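Fold and contact review
Read off the chains here:
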Amino acid sequence: MDPTSAKMIGAGLAAVALAGVGVGIGNVFSALVSAIARNPASRDQVFGIGMLGFALTEAVAFYALIISLLLLFVL
Amino acid sequence: MASETSPLGQFTIERLVSLHIGSLDISYTNSALLMTIVVVLITALLVGTTRHASLVPGRLQSIAELSYEFVLGMVRENVGDADGRQFFPLVFSIFMFILFGNLLGLIPYSFTFTSHIVVTFALSLFVFLFVTVVALIRHGIRFFTFFFPPGAPIIMAPLLVPIEIISYLTRPVSLSLRLFANMLAGHTIIAVFAGFTVALGIFGFLPLAFNVALLGLEVVIAALQAYVFAILTCLYLSDAVHLH
């Protein structure tokens, strides 16, 4: 297999990581909504942590994107 | 790497004023221009509005005071009241610099300096080294007990300590990569859909509508990424000061 095709296949495979990220973000917001539903007064405290959790999980998606872009355009 | 018309062309660094010292290129670039504008704007906002501060603040003074209180609350909550105060200027500078940088990059024909890994890596490497030095000064040799979480069985140490060390050493990488990739991906998608808008002719309103929504999301992400960078700095400082 020539290197260019291998890189393209690798770049596509890197996108598989996004499945885990989707599940993760769903988990974060599910926990956030549950927490606020159980105790509406905790909203201000919990919201900040929820946003932090969302951003950290989304970052994993971006790591996969960077691997993909590295394979396609740099290496 | 990218031509003017490709979606990645918006990230090219252009020299506005060419300066060289020997073989060192210290030209004033579009990136440096945006950084200068950001610093001037932040200074004007904070110093200008509080110079003749009124007890009941007007709009701009409110913005300055709210941002100050927001970051101060974040530092106090995450690092601790007495310990955190000394780190407030650092966290505030980082937060405002990244926030304004991200937001100003959304203006058409502007430049997002946080979309370059060298800028974000410089910031995160500085934070990482600063946090490590603070921890070493405060705890001395006992700093290395940080890598063995308290309460874990000693038999797990050969497995746990290398994992902890590796995860500590990847902190500057993850911190910089998160901000860089967010900004790069956001602006690239906007450019790609803008290309579709032109290419589809009469049906170009569909990618245009998507772009409008995406730009709104990018504003939220700009603020969120600044918040995440700042709060992770606070958490790393808290780790350094309290060793868990």
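Residues numbered from 1 in each chain as written. Chains lettered and ligands numbered in written order. Predicted model: local features only at pLDDT ≥ 70, side-chain atom pairs only at ≥ 80, totals over all residues.

Turning next to the overall build of chain A. Within chain A, the secondary structure is distributed over 3 helices and 0 strands. In chain A, the succession of α and β elements from N to C terminus is α-α-α. Computed over C-alpha atoms, the radius of gyration of chain A comes to 17 Å, more than 25% over the 11 Å expected from 2.2 N^0.38 for 75 residues, which places it beyond the range of a compact globule. Each principal axis of the C-alpha atoms in chain A carries an extent, and together these give about 60 × 15 × 5 Å. (Helix = DSSP H or I, 4+ residues; strand = E, 2+ residues; numbered from the N terminus. Rg over C-alpha atoms; globule rule 2.2 N^0.38 Å.)

Moving on: helix α1 (residues 30-50) of chain B. All names here are of chain B. Helix length check: α1, at 21 residues, gives a terminal C-alpha distance of 30 Å against a target of 30 Å (1.5 Å per residue), a fit within 8%. The set of residues buried in α1 consists of S31, L34 and V38. Elements in contact with the buried residues of α1: β4 (28-29) and α4 (88-104). (Expected span 1.5 Å × (residues − 1). Buried ≥ 20, exposed ≤ 12 C-beta atoms within 10 Å, placed from the backbone. Contact = placed C-beta atoms within 7 Å.)

Facing 8 residues of chain A, the contacting portion of chain B comprises 11 residues. Residues of the side of chain A that touches chain B, tallied by class, amount to 8 nonpolar, no polar and no charged. (Nonpolar A, V, L, I, M, F, W, Y, C, P; charged D, E, K, R; others polar.)

Residue and element names in this part refer to chain B. Phi at Y109 is positive, roughly 70°, even though this residue is not glycine. Mapped onto the secondary structure, Y109 falls in the loop between α4 and α5 (117-139). Residue class for Y109 comes out exposed when judged on the 5 C-beta atoms lying within 10 Å of it.

This next bit is on the confidence of the model for chain B. Residues and elements named next belong to chain B. Confidence in the prediction for chain B averages 91 pLDDT; 98% of positions are at 70 or higher. Mean pLDDT in chain B bottoms out at helix α3 (residues 81-84), which sits at 87, and peaks at α4, which reaches 96. Complex prediction metrics read pTM 0.90 and ipTM 0.82. (pLDDT = per-residue confidence, 0-100.)

Before going further, it helps to spend a moment on helix α1 (residues 3-14) of chain A. For α1 of chain A, spanning 12 residues, the distance from its first C-alpha to its last is 16 Å, which sits close to the expected 16 Å at 1.5 Å a residue. With 0 of 12 residues buried, α1 of chain A is to be regarded as a mostly surface element.

A few words on the nonpolar core. Counting residues in each nonpolar core, the largest one holds 48 residues, and the members touching the most others are V91, F95, F229 and A230 of chain B. Put simply, the parts of the chain that give this core at least two residues each are α3 (43-74) of chain A together with α1, α2 (59-79), α4, α5, α7 (171-199) and α8 (205-242) of chain B. Setting aside residues up to four positions removed in sequence, V91 of chain B forms contacts with V71, V75, A230, T233 and C234 of chain B. (Core = buried A, V, L, I, M, F, W, Y, C linked by C-beta atoms within 7 Å.)

We now examine the environment of V60 of chain A. Residues and elements named next belong to chain A. By the element assignment, V60 lies in helix α3. Overall, the presence of 17 C-beta atoms within 10 Å leaves V60 in the partly exposed class. When the C-alpha atoms of V60 and I9 are compared, they prove to be 20 Å apart, with 51 residues separating the residues in sequence. Setting aside anything within four residues of it in sequence, one finds V60 in contact with A17 and V21.

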